[in-house]
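Below are the chains, spelled out letter by letter.
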Amino acid sequence: MPSDTVIASAAAAPPGPVRAFWNAFSENRGAVIGLFAVLLICVVAALAPLLAPHDPLEQVKGATKLPPFWVEGADPRFWLGTDAVGRDMLSRLMFGARISLFIGLSVMVVSMVVGVALGLAAAWYGGLIDVLIIRIMDLIMAIPSLVLAILIIAMIGPSLSNTIIAVTIVYLPRYVRLVRASALAELSKDYVTAAKVAGVGPFRLMTVTVLPNCLAPLIVQAALGVSDAILEAAGLGFLGLGAQPPTPEWGAMLADTRDLMLSHPWVMALPGLCILLTVMAINLMGDGLRDALDPRLRKS
Amino acid sequence: MIWFLLRRLALTVPTFIMLMFVTFMMIRLVPGDPIEVRRGERGITPERLEQLRHEMGLDQPIWKQFLDYVWGLLHGDFGTSIVSKTPILHEFLTLFPATLELTFCAMLFAGLIGVPAGVLAAVKRGSVYDQTLMGVALTGYSMPIFWWGLILILVMSNTLGLTPVSGRVDLIKFYYQPVTGFALIDSVLSGQKGAFGDAVRHLILPSIVLGTVPLAVIARMTRSSMLEVLEEDYVRTARAKGLSVRRVIGLHALRNALIPVVTSIGLQVGTLLAGAVLTETIFSWPGVGKWLIESISRRDYPALQGGIMLIAACVIVVNLIVDLLYGLINPRIRHAK
């Protein structure tokens, strides 16, 4: 019957993987809002030198501690006011987005690459190498994240790049354990055995055959890892152990302005608000990714 | 069960050995040899430097130094603070009750609000309550807690004048000897009128700040765990039997839904202690977190070394206990490979 075949072929054409993912992702309104907020922040960060009305480090004489536009006595040149030494808050916040995203992304990329390598190695070799890698990861996880980051900073000194190193080490175990667990689960499946029988070498087997099937949880972890890294780095900056002044890093900006808190609350409130909104946007997006990529959780 | 316990215990041994090795190496990697630093001191001769080096055991081969360090740790010798010249263990134990009290109150706050919020969100899934609660949870989960603390101080203490800004005790009005080290207990023992209320007021803001992230985590976990349990057959059976909604949710569902939640709370000790570093710094709370940060700025590396060793040991032990308890409740874990 011709009509039946038409229906069958229409139903049999499933949406492509990207399309299916987008359908599942866009079902979640919050996730889409999060995605657009993240994109907006990325654009601001990328174009900060063009968008910022002032140099973030320039100290304008006679324009210190100006309030933002909704408070009386604001200066139209400085929309969000100025800090204690007359630097434009809006420009500093825009450049701060750059630094925070840079930290978040570099931590994510480095810990993911190293984590995937170690995780796959642990899963493939097993035995002593597996035990060694897992023990070291256990040790890293036994020390509270911020305390470990502080310990590493104490050894290598406080700076922006050292913040990235410290936070990367702190977050490494998550990726290693995740990759190892999913790779172990995949290794026992038939298609891996088939690939082995077909004579695929171990490197190709792990990276081309096994890894793509472990990607879904890894992508989710990577998205949420960016927001965690931003928070951790801001915490270090606040303690004076991260990016050093006058770098416009959000956490360090907060620490800078603690004595102004009572008389000029916005100088303290604005950088924190930026951290909160950025992290929230990434988490919203990450939750959406998890729901869309992990079929087990899709229902709830 | 005994095998499960022994195996779990044995697994912590290599972790402890590596922990000792890392903290031992750490003090040798930080910039500035403790002896070289003193070279500039007035009236210090090369002979005296050699003597100091010998006293601190720094002229020994490195493996001997490591063994001495481990030997000391096994005998409760965690080193001596350069600044206060007191044993690290003593300093740690004096400050630890303050941190313990704070983390306990924070967890209490998080659990008492997080669990009911999660249950409500799950039961009224998709409703306005659910969406609002999960929105709030997301905010809490994304909160930079150091900023949150400052905002709360600004609003609650400076504008409304409801809570004190920092510390554990109002020293102008009250003074009591630390008997247990817990302000809540000591204030009652002191018998001074109003002292307990004062201790409680000092605890409110730090507990809220430290408890915010765990609160969000607990609410989200309780919700998803409840949703899973509500689908189970035994819940349907309980409903079909005609039991009241309250009984079904409170007794049949919640009890089972809470097992993973409680486990994850136990395993969050590390997160809490990390949060305590920031919280204690903001509120000048005299606990181990603030002490660690101050040790860095004072370059008191033995204190940092001993402190990290002790904190990590606490986390390892608590995680071990949680694991064992979980194995006790859930035989599937116990017999798993």
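As the structure is a computational prediction, the values presented were derived from the model and not from experiment.

*Asks:* Give me the lowdown on the overall build of chain B, citing residues and values where you can.
*Replies:* Each helix and strand counted, chain B has 14 helices and zero strands in total. Seen in sequence order, chain B has helices and strands lined up from the N terminus as α-α-α-α-α-α-α-α-α-α-α-α-α-α. Across its three principal directions, the C-alpha atoms of chain B cover 90 × 55 × 40 Å. Taken across its 337 residues, chain B has 37% of its residues classed as buried. In chain B, the proportion of contacts linking residues at least 24 apart, taken out of those at least 6 apart, comes to 70%.

*Asks:* Please give an account of the packing of helix α6 (residues 145-159) of chain B against helix α8 (residues 195-230) of chain B that cites residues and values.
*Replies:* All names here are of chain B. For the pair α6 and α8, the least separation of the axes is 10 Å and the interaxial angle reads 145°. Here α6 runs over α8; the crossing is right-handed. Only Leu205, Ile208, Val209, Thr212 and Val213 of α8 make contact with α6, whose side of the interface consists of Ile145, Trp148, Gly149, Leu152, Ile153 and Met156. For the contact of α6 with α8, a count of residues per class yields nine nonpolar, two polar and no charged.

*Asks:* Explain the nonpolar core to me, and be specific about the residues and the numbers.
*Replies:* Counting 165 residues, the largest nonpolar core has Val147, Ala149 and Ile150 of chain A as the members making the most contacts within it. Counting residues per element, this core draws most heavily on helix α5 (residues 89-125) of chain A, which supplies 17 residues. Once residues lying within four places of it in the same chain are set aside, the contact partners of Ile150 of chain A are Leu241 of chain A together with Leu292 and Ile296 of chain B. Residues Val169, Ala195, Ala199 and Leu203 of chain B belong to the second largest nonpolar core, which totals five residues.

*Asks:* So what's going on with α8 of chain B? Which residues, and what values?
*Replies:* All names here are of chain B. With 36 residues, α8 extends just 46 Å between its outermost C-alpha atoms, more than 12% less than the 52 Å of an ideal straight helix rising 1.5 Å per residue. At Thr212, α8 is deflected by roughly 45°, the largest bend along its length, and proline Pro214 occurs up to four residues later in sequence. Extensive coverage of α8 is indicated by the burial of 26 of its 36 residues.

*Asks:* Kindly report on the interface of chain B and chain A, identifying the contributing residues and their values.
*Replies:* Between chain B and chain A, the contact holds 38 residues from the first and 34 residues from the second. Those elements that place two or more of their residues in the side of chain B that touches chain A are α1 (2-29), α5 (128-141), α6, α8, α11 (269-283), α12 (288-297) and α13 (301-329) of chain B. A breakdown of the residues in the side of chain B that touches chain A according to their chemical character gives 30 nonpolar, eight polar and no charged.

*Asks:* Help me get a handle on the environment of Thr64 of chain A, residues and values and all.
*Replies:* Residue and element names in this part refer to chain A. The topology assignment puts Thr64 in the loop between α4 (48-51) and α5. Residue Thr64 is classed as partly exposed on the basis of its 15 C-beta neighbours within 10 Å. Separated by 17 residues in the primary sequence, Thr64 and Gly81 have C-alpha atoms spaced 8.5 Å apart. Contacts of Thr64, omitting those with residues within four sequence positions, involve Thr82, Ala84, Val85 and Gly86.

*Asks:* Describe in detail the packing of α6 of chain B against α11 of chain B, supporting the description with residues and values.
*Replies:* All names here are of chain B. In the contact formed by α6 and α11, the axes pass within 9 Å of each other and the chain directions differ by 30°. With respect to their mutual orientation, α6 and α11 come out roughly parallel. Note that α6 runs across α11; the crossing there is right-handed. Contact with α6, carried on its side by Ile145, Phe146, Gly149 and Leu150, involves Gly275, Leu278, Thr279, Ile282 and Phe283 of α11 and no other residues of that element. Looking at the contact of α6 with α11 residue by residue, the classes come out as six nonpolar, three polar and no charged.

Criteria and thresholds
- Residues numbered from 1 in each chain as written.
- Chains lettered and ligands numbered in written order.
- Predicted model: local features only at pLDDT ≥ 70, side-chain atom pairs only at ≥ 80, totals over all residues.
- Helix = DSSP H or I, 4+ residues; strand = E, 2+ residues; numbered from the N terminus.
- Buried ≥ 20, exposed ≤ 12 C-beta atoms within 10 Å, placed from the backbone.
- Contact = placed C-beta atoms within 7 Å.
- Axes fitted to C-alpha atoms, helices over the stretch in contact; angles between N-to-C directions.
- Left-handed = near helix turned anticlockwise from the far one by under 90°.
- Nonpolar A, V, L, I, M, F, W, Y, C, P; charged D, E, K, R; others polar.
- Core = buried A, V, L, I, M, F, W, Y, C linked by C-beta atoms within 7 Å.
- Expected span 1.5 Å × (residues − 1).
- Bend = angle between axes of the 7 residues up to and from the residue.
- Parallel < 35°, antiparallel > 145°, perpendicular 65-115°, else oblique.

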